Amino acid sequence: MAVQPTFKLFAIARVNFLTLTVACLLLALALSYSLLGGVKGEIVGWVVTAGLLAHVSVNAFNEYFDFRSGLDFKTRKTPFSGGSGTLVQHPHIANAALVLACVSLLAVIASGLWIVQQTTPALLWLGIPGVLLIYSYTQYINRYPLLCLIAPGLGFGLFLTFGASWALANEYPALPANGAWYGIVSAAAIVMLLVNNLLLLNQFPDVEADLSVGRKHFPIAIGRTSSASIFAVQLLLSYLVLVIAVVANWLPFSALLALLSFVLVPRLLQGVRQHANNIPQLIPLLGLNVAVIHLFILLLALGIWFNW
């Protein structure tokens, strides 16, 4: 009988969505290995644990707060948006969801403090705002369009990818001392743009429901059609950043392997533009967007790792 509640907590943690964190951590490993003089082996497990638990915490807080606000009863569930629906079906475990969120966050803080002790106190400049972002995203940031747009990218680009690269590095050159740091900043910027787009497009099906509980992201503020233009700009800019970083020799030539993911981009951009207000037609594009993001990040990690 104890197995069923465990599976419910896995659903609240949205374990199937943690693949994005894994992809970003693989990219961070590649960046540290190829650009920062190697990987500090004893730190790897702690960094991976902190990254995964941070994602679990923000997911569980999102599930809990969206249930308490009533949003989960109004959203149109898709495989990629609208929450898991677990608390709607099992409201008696709402407190367990909150405990999961808080315990995960405390574990992130503890892991982060240990990492700082083993590496450099300068990481606190990323760790402290990262913790604040985990808690505040659902409750507060979703009410401000620009913050709501960039917060996911900051979480996965700056705090996770850049922060993990720095923590994992075997050497700690001064910031920003050389081209290696520009390469890491470029990779983090790419992740930021891609993850901004992930959450932006996932907001399209939830406009009416989100508006009813006081949220105000860009699809609410300026409409889905105009938000589709923001989506297009960010996606194309992510590829432009990659090319610039390689031309400037901040990233190795082999990083251009990530351009293979562009084969999916024309279909994605055309579909989002055409079906921005047609949610049934848009839902498959949410999945395509997830595929593009994962493929881009993983190919980028592979190209940087081999450093041709």
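Residue indices begin from 1 for each chain and proceed along its sequence in written order. The predicted origin of the model limits local features to residues at a pLDDT of at least 70 and limits the giving and counting of side-chain atom pairs to 80 or more, whereas totals for whole chains, interfaces and linings rest on all residues. By convention in this description, side-chain values take in all heavy atoms of the structure and omit both hydrogens and water.

Draft legend 1. The overall build of the protein chain, seen in detail. Helix and strand definitions follow DSSP, with helices as H or I runs of at least four residues and strands as E runs of at least two, each counted in order from the N terminus. A tally of helices and strands in the protein chain yields 13 helices and zero strands. Along its sequence from the N terminus, the protein chain presents helices and strands in the succession α-α-α-α-α-α-α-α-α-α-α-α-α. The reference for a compact globule is 2.2 Å times residues^0.38; the radius of gyration itself is calculated from the C-alpha atoms. Whereas a compact globule of 308 residues would reach a radius of gyration of roughly 19 Å, the protein chain reaches 19 Å, a difference of no more than 12%. Dimensions along the principal axes, computed over C-alpha positions, put the protein chain at roughly 50 × 45 × 35 Å. Going through the 308 residues of the protein chain one by one, you find that 53% of them count as buried. The criterion used for residue contact is that any of the two residues' heavy atoms lie within 4.5 Å. A fraction of 78% describes how many contacts in the protein chain between residues 6 or more apart in sequence connect residues 24 or more apart. If you average the places of the 13 positive and of the 8 negative side-chain charges in the protein chain, the two averages end up 8 Å apart. For every residue, the accessible area (1.4 Å probe, protein chains only) is compared with the maximum for its type, and the residue is labelled buried under 20%, exposed over 50%, or partly exposed between those bounds. Neither His nor the chain termini are counted; the positive set is Lys and Arg, and the negative set is Asp and Glu. Taken as the charge location is NZ of Lys, CZ of Arg, CG of Asp or CD of Glu.

Draft legend 2. Examining the nonpolar core more closely. Only buried Ala, Val, Leu, Ile, Met, Phe, Trp, Tyr and Cys residues count toward a nonpolar core, and they belong to the same one when joined by side-chain atoms within 4.5 Å. Within the largest apolar cluster, 92 residues are counted, with the highest numbers of intra-cluster contacts made by Leu27, Leu235, Leu242, Leu251, Ile297 and Leu300. Once you skip the residues sitting within four places of it in the chain, Leu251 turns out to touch Leu31, Leu35, Gly183, Ser186, Leu242, Ala245, Val246 and Ile304.

Draft legend 3. Region of interest: helix α5 (residues 94–118). Given a rise of 1.5 Å per residue, 25 residues ought to cover 36 Å, and the 36 Å separating the end C-alpha atoms of α5 matches this to within 8%. Listed in full, the buried residues belonging to α5 are Ala94, Ala97, Ala101, Ser104, Leu105, Val108, Ser111, Ile115 and Val116. Expected span, for any helix, means 1.5 Å times one less than how many residues it has.

Draft legend 4. Region of the structure containing a nonpolar patch on the surface. The patches reported here contain residues having more than 30% relative accessible area and no salt bridge. Joining distances are 9 Å for like charges and 5 Å for nonpolar side chains (Val, Leu, Ile, Met, Phe, Trp, Tyr). For the area figures, the Shrake-Rupley method with a 1.4 Å probe applies, and any residue is considered shielded solely by the protein chains shown. Between Lys or Arg on one side and Asp or Glu on the other, a salt bridge is scored when a side-chain nitrogen of the former is within 4 Å of a carboxyl oxygen of the latter. On the surface, Leu106, Ile109, Leu113, Leu124, Ile128 and Leu132 cluster together to form a nonpolar patch covering roughly 560 Å² of accessible area. If you list the elements that add at least two residues to the nonpolar patch, you get α5 and α6 (124–139). By the secondary structure assignment, Leu106 is in helix α5. Its relative accessible area of 57% is what places Leu106 among the exposed residues.

Draft legend 5. How the structure looks around empty space enclosed by the protein. Buriedness of a pocket was judged along seven lines, with at least five required to meet protein on both sides within 12 Å; pockets are open sets of points on a 1 Å grid over the protein atoms alone, cavities are sets where a 1.4 Å probe fits but cannot get out, and lining residues have an atom within 4 Å of a point. Grid points are joined across faces, edges and corners, and a volume is the space filled by probe spheres set on the points. On inspection of all chains with the given rule, the structure shows one cavity of 30 Å³ or more. Secondary structure elements with two or more residues in the lining of the largest cavity: α2 (19–35) and α3 (41–69). At three residues, the largest contribution of residues to the lining of the largest cavity is made by α3. In the scheme used here, Gly and all other residues not listed as nonpolar or charged are polar, with Ala, Val, Leu, Ile, Met, Phe, Trp, Tyr, Cys and Pro taken as nonpolar and Asp, Glu, Lys and Arg as charged. For the lining of the largest cavity, the residue count by class is six nonpolar, no polar and no charged.

Draft legend 6. Main features of the pattern of salt bridges. If you walk through the whole model with that rule in mind, you get four salt bridges. Between Arg215 and Asp66 there is a salt bridge, with its nearest N and O atoms 2.5 Å apart. Placement of Arg215 in the loop between α9 (207–212) and α10 (218–221) and of Asp66 in helix α3 is noted, with a sequence separation of 149 residues between them. Given the relative accessible area of 12%, Arg215 is considered buried. The closest approach of N and O atoms between Glu208 and Arg224, which form a salt bridge, is 3.2 Å. With Glu208 in helix α9 and Arg224 in helix α11 (residues 224–247), this pair connects stretches of sequence that are 16 residues apart. The class of Arg224 is buried, set by a relative accessible area of 10%. Overlapping salt bridges bring together Asp66, Asp210 and Arg215 as one network.

Draft legend 7. Structural context of the environment of Phe10. Here Phe10 shows up in helix α1 (residues 3–13). Separated by 46 residues in sequence, Phe10 and Val56 have C-alpha atoms that sit 9.2 Å apart.

Draft legend 8. Layout of α3. Along its 29 residues, α3 runs 43 Å from first to last C-alpha, staying within 8% of the 42 Å computed at 1.5 Å per residue. With its phi angle positive at about 90°, Gly70 sits one or two positions after the end of α3.

Draft legend 9. The arrangement of the side chain of Thr21 in detail. Mapping Thr21 onto the fold places it in helix α2. Excluding its chain neighbours within four sequence positions, the residues that come into contact with Thr21 are Gly51, Leu52, His55, Phe156 and Leu160.

Draft legend 10. Spatial organisation of the packing of aromatic side chains. Here is the rule: rings of Phe, Tyr and Trp (six-membered ring for Trp) pair when centre to centre is within 6.5 Å. Planes less than 30 degrees apart are stacked, more than 60 are edge-to-face, and the remainder are tilted. Under the counting rule described, the total for this entry stands at 13 aromatic pairs. Ring centres of Phe61 and Tyr135 lie 5.4 Å apart, and the angle between their planes is 90°; this geometry places the pair in the edge-to-face category. With Phe61 in helix α3 and Tyr135 in helix α6, this pair connects stretches of sequence that are 74 residues apart. According to the relative accessible area criterion, Phe61 is buried, its value standing at 3%. Joined through ring pairs, the aromatic side chains of Phe61, Tyr64, Phe65 and Tyr135 make up one cluster.

Read these as layout, nothing more, since geometry by itself doesn't imply function.
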